[in-house]
Amino acid sequence: MKKNILILLLIASSNYLFAQEITGTTRTSDKYSEAIREINSGYFENNFSAFDKFISNDATLTINGENFNKSQVREGFSMHHKLYKNIKMPMNFVETTFYDENNNNQVWSHLWGGWQGTSRRTGKADIPNPVNVSFKWVDGKIVSATWIFDPTSLNEEIIASQK
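Structure report, in brief. (Residues numbered from 1 in each chain as written. Predicted model: local features only at pLDDT ≥ 70, side-chain atom pairs only at ≥ 80, totals over all residues. Heavy atoms only, no water.)

**Focus on the layout of surface pockets**
Alright, step 1. In this structure, the largest pocket spans a volume of roughly 340 Å³.
Alright, step 2. Forming the walls of the largest pocket are 15 residues, and the residues nearest its centre are Ile63, Phe68, Phe149, Leu154 and Asn155.
Alright, step 3. Going through the elements one at a time, β3 (66-68), α4 (70-83) and α5 (152-161) are the ones with two or more residues in the lining of the largest pocket.
Alright, step 4. With 6 residues, the single largest contributor to the lining of the largest pocket is α4. (1 Å grid on protein atoms, 1.4 Å probe; cavity = no way out; pocket = protein on both sides within 12 Å on 5 of 7 lines; lining within 4 Å. Points joined across faces, edges and corners; volume = space filled by probe spheres on them. Helix = DSSP H or I, 4+ residues; strand = E, 2+ residues; numbered from the N terminus.)

**Concerning the sheet that holds strand β6 (residues 129-138)**
Alright, step 1. Pairing is mixed in the open sheet, where 7 strands are placed in the order β1-β4-β5-β6-β7-β2-β3. Whereas interior strands pair on both sides, the edge strands pair on one side only; in this sheet they are β1 (24-27) and β3. On average, each strand axis in the sheet is tilted by 20 degrees relative to the strand beside it, whichever way the strands run.
Alright, step 2. When strand β4 (residues 84-99) meets strand β5 (residues 107-119), the two strands line up antiparallel, connected through 11 bridges. Bridge pairing in β5 places Tyr84 opposite Ser119.
Alright, step 3. Where α4 meets the sheet, its contacts fall on β2 (55-63), β3, β4, β5 and β7 (141-149), and the angle it forms with β2 comes to roughly 60 degrees. (Pairing = 2+ DSSP bridges. Axes fitted to C-alpha atoms, helices over the stretch in contact; angles between N-to-C directions. Contact = heavy atoms within 4.5 Å.)

**Examining the pattern of salt bridges**
Alright, step 1. All chains considered together, the criterion is met by 3 salt bridges.
Alright, step 2. A salt bridge links Glu34 to Arg37, with the nearest nitrogen and oxygen atoms 3.0 Å apart. Of this pair, Glu34 and Arg37 both sit in helix α2 (residues 31-44), 3 residues apart, which is roughly one turn of that helix.
Alright, step 3. Under the relative-accessibility criterion, Glu34 is labelled partly exposed at 40%.
Alright, step 4. By relative accessible area, which is 26% here, Arg37 ends up partly exposed. (Salt bridge = Lys/Arg side-chain N within 4 Å of Asp/Glu carboxyl O. Buried < 20%, exposed > 50% of the residue type's maximum accessible area, 1.4 Å probe, protein only.)

From the geometry alone we can't say anything about function, so treat these as descriptive.
Have a look at this one:
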């Protein structure tokens, strides 16, 4: 019995010996975080020059689980300005993590915030809609990005604008 318990403990502890930590350094004032802020600021003004500058032409871009190409994302985000005015994100946070060699030296920036806009149709201001975006960087370009947010009010505005 003691021998079986010893074997079980040995097997259980060996899993911890081979596990790799996710390690790296996280910063908020680096060039990648600043580029994300620049992209975001441009979006608020319906200016996509930073978006075009930093996002690779063949980037993998996902919005709420659906894949889009760069021009589709730009056109979709620009369309927000036809539906809303005073688009802003009064609460937001950007950070970039520089992972070590255990994680292939990847660089990822993350944006969390509360998107807000006023409907051009109704004049009603949306309550802040939580947004989470992750951006993967390779050689100074974003090669992958994933936006996650609740699209309910946006979908309602799109449907109403098509009537």
